[in-house]
Amino acid sequence: MTDIRATDLFPGGVDDRIAALDLAAKARMVSGGGTFRTSAEPAVGLRPIITSDGPVGVRGERWDEADTALALPSVTAMAASWDEELVRELGALLAAEARRKGVHLLLGPTLNLHRSPLGGRHFECFSEDPLLTGRIGAAYITGVQSGGVAATAKHYVANDSETERLTLDAQVDERTLREVYLAPFEAAVEAGVWAVMSAYNRVNGEAMSESPLLAEPLKGEWGFDGLVVSDWGAVQSTTGSGAAAVDLAMPGPNEHWGAALAGAVLDGLVDEAALDDKVLRLLRLAARVGALGEPGEADGPEAADPPRPPTPADAATRGLLRRAAAAGAVLLSNREGLLPLDAKALRRVAVIGPNAATARVQGGGSAAVFPAAVVSPLEGIRAALHESTRVEHAAGVRTALRPTPMERTDCHSPRTGEAGLLARYLRADGSELHAEHRLSGRILEPSVTTDLSALDAIEVGTVFRAPAAGRWRFGLIGLGRIRLEADGEVLLDEYVAPESDDPTYLHVSPSFRQAELELAAGQEVALLARRTVEPAHGRVLSLAVDPPLAALDAELAAAVELAREADAVVLVVGTTDEHESEGFDRTTLGLPGGQDALVSAVAAANPRTVVVVNTGGPVLMPWREEVTAVLLGWFPGQEGGDGLADVLFGLVEPGGRLPTSWPVTERDVPVLDTAPQAGVLAYREGLHVGYRGWLRGDAEPAYWFGHGLGYGAWEYLAIDAPRRSPHGAGFTVRVTLRNSGTRSSREVVQLYLARADSAVERPVRWLAGFAAVRAEPGQRVEVEIPVAARALEHWSPERRRWLGEPGLFTALAGPSCGELPLTAAVEVVPDVAAR
């Protein structure tokens, strides 16, 4: 890459700027300045670099419901589109959001793989395949950085599950690391990514914030000239991490760096050149994102945030998110051509399932944002149909695991009477540091940036009016000494100690307690929730309320009766951010809350049932042969309801193809367990992750990697590949196909390679390229798929380089890993110009 010292990013020269800093200033600069910002250094013109969690929205520095953001489809849904141009558009939209919020560095995309379907952050990762992850990830990065905002490739590396994520040691052989888990990060560097985040975990005994993998291959062989930022709180040493190739410790100020790092340099334990390289890379990033001015110009970290425009709600923005939701939707089955539904012929539609009325658009954890508005499946379907069509809803089952934070409906502030709640931040003597009106009972952090160092307790109060009679459940989510009162009566009063030191648990989803209270319809009750604030326990306080429970059999019976009387049924099943989240892995692939029984009962009552699966990752579908159509909608983002309606009623074609394989049963999954043994998580499967593992086993998945139906029908006619190809050159394959359906359609043509007589271990076959093509009914088209030289190579740990293997490879083309009707032989021959 270009030496940044020779560019105009540093007028006057970067060496002069570094030379103007003393040792203490340099160590302070790379030690973070706050939770989501770095330190300013006026001597070199450095302003604070503002960071924000991603990757499906830009939350900004604060966890504040009033600070709304666009909510894009989940990263897995993006990958399901197999559409690099669309993902670039979404990346550019994220860059615009970041600029709106004054953010320079977006903490995404996540380039870890779907190693196990139980992985808690499955929804936040692209796919189970390194090539697909690398290509879609590179498109995301290119889009974000086209807007002058840095993307962050994370979590480097082998952070593919959540159980014991802060301490686990991933044992991965060198070849598997290079060919599978490092490959997407190499693609990110080739795409010009400006930042990489080192992971919490260890790899082969080394903590990733101290790992030699940051130097080689990242900064050395690959030539990465950007910044390596630690995951939040991952730097837990001074000399080990200070001497390593991690450049910025976050959040800050980090106690292990700063003065401690400066002292380690003075004592000769850390080379000052290593510190200077960290400073250089920090300045380089600042220059790229517009946070570097002339010396003396930098604002301090206490500078007030400028007013920002509201969250975009224009037709173009919402239209892009709606289009993206449909583009990632995967039609898994469509017997008897049930889809698309004829909207004009429908007089009564049943929309069933708990996820139908309450939009489940994102997973849990640091990736979550506060969208200004979301479109549920029920709302999208109602909006798409004529007003004369009856659209009715029944939940059928319940899936909630945690209390529901109170919304402003049915409650008002005890101070102003305005709909909502009153939050108060208190000193130890009970005096008020700050008070604010809240739209919900969920507080993750105060919405103010004023000094809260004297904060001792948080209170949330409201007056609740029960819309129905029964035993209401009131909850308090938070740690420390908690207390919940109703009209002065104490419902809860205890100390809740933390059960984990995981940041997501402490700062997003800590423990909860609940109590019941009998209320009459229309009865008002004054509620007051309180918790103490202790160091390292976060500031989460949520006041929650859940209605009286109806009998489960009555809920199920009502849903079945509704289905029986309908012209068509849209049954939305799935998970929520309670089931799929950062901080923990799932313990089962089964749908929660009796949803399997709901599907079977509804399908038996009405064969014209479309099941929409609203999840972030794979779930078991024991009923899949009982229903006529299954549509996978993922966590679809804020416009998911409208995007779903567009697909259901045929305004657009479902564009998605599976980025990961979906199993029939858990016991069939090649790699399932995510629990380390004695702190070690052994990647014993080696190269054979995802569909590669399925191909070596006896069982087949329910749906193969790459599978997905459209509303067209395709015939694969011919494949043309070179008979011989010199090693190191790559080649191009041409595939001819025809749309034999009755409407315009898009097809994702996938190309795999296989090597029958290899001298080295290889997968049965592996994805080597893909391309999309669109055709009108009856149209014959040809698509070109380039195959890179790397797809034919393997990493040699002994020779420490990529090697080719002369001989015959088989190219296989088709619509999925499990359906490849076209094959061609390509002989790779030695070439003196080979790498």
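These numbers were taken from a predicted model, which means no experiment stands behind them.

## Things to note about the sheet that holds strand β17 (residues 470-477)
Argument step 1. Strands sit in the order β15-β22-β17-β20 across an open sheet of four strands; the sheet is antiparallel. Looking along the sheet, the strands with just one partner apiece sit at the ends: β15 (442-443) and β20 (512-519).
Argument step 2. By the bridge criterion, eight bridges tie β17 to β20 in an arrangement that is antiparallel. Opposite R471, over in β20, you have E518 as the bridge partner.

## Observations concerning the pattern of salt bridges
Argument step 1. Per the stated rule, a full pass over the model turns up 56 salt bridges.
Argument step 2. The salt bridge involving R62 is made with D64; its shortest N-O contact spans 3.9 Å. For the pair R62 and D64, a shared accessibility class is recorded, and that class is buried.
Argument step 3. When the shortest N-O distance is used, the salt bridge between R657 and E747 registers 3.2 Å. Residue R657 is located in the loop between α18 (640-648) and β26 (680-682), and its partner E747 is located in strand β30 (residues 745-754); the two are separated by 90 residues in the primary sequence.
Argument step 4. By relative accessible area, which is 1% here, R657 ends up buried.
Argument step 5. Salt bridges linked by common partners bring R121, E124, K154, E162, R165, D502 and E582 together as one network.

## So, the pairing of strand β21 (residues 524-532)
Argument step 1. As paired strands, strand β16 (residues 457-465) and β21 are joined by nine bridges and run antiparallel to one another. Residue pairing across strands places V460 opposite A529, the latter belonging to β21.
Argument step 2. Across five bridges, the pairing between strand β18 (residues 480-486) and β21 is antiparallel. The residue bridging R483 from the neighbouring strand is R530, located in β21.

## Things to note about the sheet that holds strand β3 (residues 150-156)
Argument step 1. Pairing in this open sheet of five strands is parallel, and the strands run β1-β2-β3-β5-β8 from one edge to the other. Edge strands, defined here as strands with exactly one partner in the open sheet, are β1 (51-53) and β8 (227-230). Adjacent strand axes in the sheet meet at a mean angle of 30 degrees, parallel and antiparallel pairs treated alike.
Argument step 2. Against the sheet, helix α5 (residues 130-145) contacts β2 (105-107) and β3, and its axis sits at roughly 145 degrees relative to β3.

## Regarding the side chain of H707
Argument step 1. Its location among the elements puts H707 in the loop between α19 (691-696) and β27 (714-720).
Argument step 2. Residue H707 is classed as buried on the basis of its relative accessible area, which comes to 17%.

## Looking at the packing of aromatic side chains
Argument step 1. Evaluation of the coordinates by the stated rule reveals 14 aromatic pairs.
Argument step 2. Seen from their ring centres, F464 and F474 are 5.7 Å apart, and the 80 degrees between their planes marks the pair as edge-to-face. In this pair, F464 sits in strand β16 while F474 sits in strand β17, placing the two residues ten residues apart along the sequence.
Argument step 3. The class for F474 is buried, based on a relative accessible area of 0%.
Argument step 4. With 6.0 Å between their ring centres and 75 degrees between their planes, W634 and W662 make a pair best called edge-to-face. In this pair, W634 is assigned in the loop between β25 (629-632) and α18 and W662 in the loop between α18 and β26, connecting sequence segments 28 residues apart.
Argument step 5. Members of the aromatic cluster, each reached through a chain of ring pairs, are W82, Y691, F705, Y752 and F770.

## With respect to the confidence of the model for the protein chain
Argument step 1. Per-residue confidence for the protein chain gives a mean pLDDT of 94, with 97% of residues at or over 70.
Argument step 2. Here residues 1-7 scores under 50 on pLDDT; set against residues more than four positions off or in separate chains, the count is 14 contacts.

## Some thoughts on helix α10 (residues 259-266)
Argument step 1. When we look at burial in α10, the residues that qualify are L261, A262, A264 and V265. Along the axis of α10, the buried positions cluster into a sector of 160 degrees, meaning they face one direction only. Exposed positions of α10 whose direction lies more than 90 degrees from the buried face are A259 and L266.
Argument step 2. Following α10 by one or two positions, G268 adopts a phi angle in the positive range, close to 80 degrees.

## Observations regarding the packing of helix α14 (residues 377-384) against α18
Argument step 1. Orientation of α14 relative to α18, taken along the N-to-C sense of each, is 50 degrees, at an axis distance of 7 Å. Between α14 and α18, the crossing angle belongs to the class labelled oblique. Like other packed secondary-structure pairs, α14 and α18 cross with a definite hand, here right-handed. Residue-level inspection shows P377, G380, I381 and A384 of α14 in contact with α18, the latter providing G641, D642, L644, A645 and L648.
Argument step 2. Grouping the constituent residues of the contact of α14 with α18 by class yields six nonpolar, two polar and one charged.

## Some words on unusual backbone geometry
Argument step 1. Cis geometry marks the peptide bond from G108 to P109, where omega comes out at 15 degrees.
Argument step 2. Note on placement: P109 falls in the loop between β2 and α5.
Argument step 3. Residues L339 and P340 are joined by a peptide bond in cis, for which omega reads 0 degrees.
Argument step 4. Summarising the element assignment, P340 is placed in the loop between β9 (330-334) and β10 (348-352).

## Quick notes on the environment of R564
Argument step 1. With respect to the element layout, R564 can be found in helix α16 (residues 552-564).
Argument step 2. Judged by its relative accessible area of 44%, R564 is partly exposed.
Argument step 3. Distance in space between the C-alpha atoms of R564 and P763 is 48 Å, their sequence separation being 199 residues.

## Side note on the side chain of E41
Argument step 1. With respect to the helices and strands, E41 occurs in the loop between α2 (23-29) and β1.
Argument step 2. There is a polar contact of 2.8 Å between the side chain of E41 and the side chain of R28.

## Concerning the packing of α16 against helix α17 (residues 595-605)
Argument step 1. The geometry of α16 relative to α17 is characterised by a closest axis approach of 8 Å and an angle of 30 degrees between their N-to-C directions. Judged by the angle between their axes, α16 and α17 are roughly parallel. When you trace α16 past α17, the crossing you get is right-handed. Contact residues: L556, A559, V560, A563 and R564 in α16; L598, A601, V602 and A605 in α17.
Argument step 2. The class makeup of the residues in the contact of α16 with α17 is eight nonpolar, no polar and one charged.

The rules we used
- Residues numbered from 1 in each chain as written.
- Predicted model: local features only at pLDDT ≥ 70, side-chain atom pairs only at ≥ 80, totals over all residues.
- Heavy atoms only, no water.
- Pairing = 2+ DSSP bridges.
- Helix = DSSP H or I, 4+ residues; strand = E, 2+ residues; numbered from the N terminus.
- Salt bridge = Lys/Arg side-chain N within 4 Å of Asp/Glu carboxyl O.
- Buried < 20%, exposed > 50% of the residue type's maximum accessible area, 1.4 Å probe, protein only.
- Axes fitted to C-alpha atoms, helices over the stretch in contact; angles between N-to-C directions.
- Contact = heavy atoms within 4.5 Å.
- Phe/Tyr/Trp six-rings, centres within 6.5 Å; stacked < 30°, edge-to-face > 60°.
- pLDDT = per-residue confidence, 0-100.
- Arc of directions from axis to C-beta.
- Parallel < 35°, antiparallel > 145°, perpendicular 65-115°, else oblique.
- Left-handed = near helix turned anticlockwise from the far one by under 90°.
- Nonpolar A, V, L, I, M, F, W, Y, C, P; charged D, E, K, R; others polar.
- Polar contact = N/O pair within 3.5 Å; in protein donor to acceptor, adjacent residues only side chain to side chain.

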